[in-house]
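Examining the three-dimensional arrangement
Chain residues, written in single-letter form:
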Amino acid sequence: MISDTAPATHRRIARQTPIFRRLMLLLGFGLVLGWMNGVRAETLQSLVGIQQAAIAYLEEQHADSPRLPQVTAGALDPRLRLVACEGPLEAFTPPGQRTMGATIVGVRCNTPVSWTVYVQATVALNRPVLVARRPLPRGTVLTGADVAVIEQDVARLTLGYLVDLKDIDGMILRRSVTAGTVLHPGLVQHPVSIRRGERVTILGQAAGIEVRMEGQALADGAKGEVIRVRNLSSGRDIEAVVVAPGLVQVRL
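Predicted, not measured: the structure shown is a model, and the values here were computed from it.

Rules used throughout
- Residues numbered from 1 in each chain as written.
- Predicted model: local features only at pLDDT ≥ 70, side-chain atom pairs only at ≥ 80, totals over all residues.
- Heavy atoms only, no water.
- Salt bridge = Lys/Arg side-chain N within 4 Å of Asp/Glu carboxyl O.
- Buried < 20%, exposed > 50% of the residue type's maximum accessible area, 1.4 Å probe, protein only.
- Helix = DSSP H or I, 4+ residues; strand = E, 2+ residues; numbered from the N terminus.
- Contact = heavy atoms within 4.5 Å.
- Core = buried A, V, L, I, M, F, W, Y, C linked by side-chain atoms within 4.5 Å.
- Patch = residues over 30% accessible without salt bridge, like charges linked within 9 Å, V, L, I, M, F, W, Y side chains within 5 Å.
- Areas by Shrake-Rupley, 256 points an atom, 1.4 Å probe, with all protein chains shown as cover.
- Pairing = 2+ DSSP bridges.
- Axes fitted to C-alpha atoms, helices over the stretch in contact; angles between N-to-C directions.
- Expected span 1.5 Å × (residues − 1).
- Polar contact = N/O pair within 3.5 Å; in protein donor to acceptor, adjacent residues only side chain to side chain.

The next point concerns the pattern of salt bridges. Enumeration over the complete set of coordinates arrives at 10 salt bridges. Across the salt bridge formed by Arg156 and Asp153, the nearest N and O atoms sit 3.4 Å from each other. A relative accessible area of 68% means that Arg156 is categorised as exposed. Note on Asp153: relative accessible area 15%, which makes it buried. A salt bridge links Arg212 to Glu210; the nearest nitrogen and oxygen atoms lie 3.1 Å apart. Look at Glu210 and you get partly exposed, because its relative accessible area is 45%.

So, in structure tokens, the structure goes:
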């Protein structure tokens with residue numbers, strides 16, 4: 001060890017030794033490396049910030065829902081190195097992606113450089129839906145006593161769902177269901193309102209003018225269905241929408 005009190009000649013000799021020069025080189029490299037790491041940490045985009053932008057975007061898509069969705073964003077590759085965005089991150093839904101269930105959200109930056117990251121996410125949205133209270137056979141005319149209301153993740157109900165008793169009251173089951181089956185539009189239908197051969201009233205409306213004619217149904221029809229009807233005044237066959245028992249409507 002060379003003390004500070006040693007002659008200047010001895011101190012100069014010590015500083016010229018290989019060990020001293022190597023020590024100074026290592027110390028200098030360490031200081032530079034520490035400075036570079038600090039710069040990198042400050043200029044890299046936070047991966048957590050990207051995930052949060054994706055989550056906020058998906059929550060915003062369901063802002064009008066009675067309950068906020070439960071959104072989970074997948075982890076990003078920790079090796080990802082992106083220049084920190086100077087402006088707000090912009091999230092978007094890629095073509096073909098839903099905002100419920102398993103989905104993908106794009107998150108992009110425009111300044112100081114442009115980049116885009118795709119985040120895998122899952123959105124669960126719990127809502128009250130109608131389910132069969134007990135096993136019900138095909139052809140059952142539904143009433144409120146036949147159904148119960150439970151919460152389900154509607155993101156998983158790809159066939160749709162019904163939420164209001166008014167949606168099923170008086171409707172007929174298209175097929176048999178087991179207890180707990182979620183009722184959806186494809187499971188129910190309106191009862192037949194008009195029978196083939198039955199006399200009906202044909203209602204025509206346009207620009208505030210209403211015209212009623214006598215007709216004959218050429219097919220069975222339920223409310224909302226389009227059937228062919230013969231206008232008994234002109235003898236022409238036309239298409240009309242079943243409005244109620246004995247009443248169909250056409251557009252003039």
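Moving on, there is more to tell.
In this section: the environment of Ala73. Relative to the helices and strands, Ala73 is located in strand β1 (residues 70–73). It is 8.0 Å that separates the C-alpha atoms of Ala73 and Gln52, two residues lying 21 residues apart in sequence. Every residue in contact with Ala73, bar those within four places of it in the chain, is listed here: Gln51, Ile55, Val119, Gln120 and Ala121.

With that settled, consider the nonpolar core. As a rule of thumb, nonpolar side chains are buried together in soluble globular proteins. Ranked by size, the top nonpolar core spans 20 residues in total, and within it Ile50, Leu58, Val105, Val107, Trp115, Val117 and Val119 carry the most contacts. Taken together, the elements giving at least two residues each to this core come down to α3 (47–61), β1, β3 (101–109) and β4 (115–124). Of all the elements, α3 adds the most residues to this core, at six residues. Apart from the residues within four sequence positions on either side, Trp115 is in contact with Gln45, Ile50, Leu82, Val83, Cys85, Leu89, Val107, Arg108 and Cys109. Core analysis: the second largest hydrophobic core is formed by 13 residues, Ala132, Leu142, Leu162 and Leu187 among them.

We now examine a nonpolar patch on the surface. Together, Ile209, Val211 and Leu252 make up an exposed nonpolar region whose accessible area comes to about 280 Å². With respect to the secondary-structure elements, Leu252 resides in the segment after β15 (247–251).

Inspection of the secondary structure assignment puts Asn231 in strand β13 (residues 226–231). Using a relative accessible area of 8% as the deciding quantity, one classes Asn231 as buried. For Asn231, the residues in contact, after removing those within four places along its chain, are Ile202, Met213, Glu214 and Arg236.

Around the barrel, five strands lie side by side as β10-β11-β13-β14-β15; this closed barrel has mixed pairing. Each strand of the sheet is rotated relative to its neighbour by a mean of 55 degrees, with strand direction disregarded. Judged from the five bridges that link them, β13 and strand β14 (residues 237–244) form a sheet pairing that is antiparallel. Opposite Val229, over in β14, you have Ile238 as the bridge partner.

Read from one edge of the open sheet, four strands run β1-β4-β3-β2, paired in antiparallel fashion. The open sheet has two edge strands with one neighbour each: β1 and β2 (90–92). The average undirected angle you get between the axes of adjacent strands in this sheet is 35 degrees. Note that β3 and β4 share nine bridges and pair antiparallel. If you follow Gly106 over to β4, its bridge partner there is Tyr118. Running at roughly 120 degrees to β3, α3 makes contact with β1, β2, β3 and β4 of the sheet.

Another point: α3. Along its 15 residues, α3 runs 22 Å from first to last C-alpha, staying within 8% of the 21 Å computed at 1.5 Å per residue. All of the buried residues in α3 are Leu47, Gly49, Ile50, Gln51, Ala53, Ala54, Tyr57 and Leu58. As for α3, its buried residues are in contact with β1, β2, β3 and β4. Between the side-chain oxygen of the N-cap and the backbone nitrogen of Val48 there are 3.3 Å, and the N-cap of α3 in question is Ser46.

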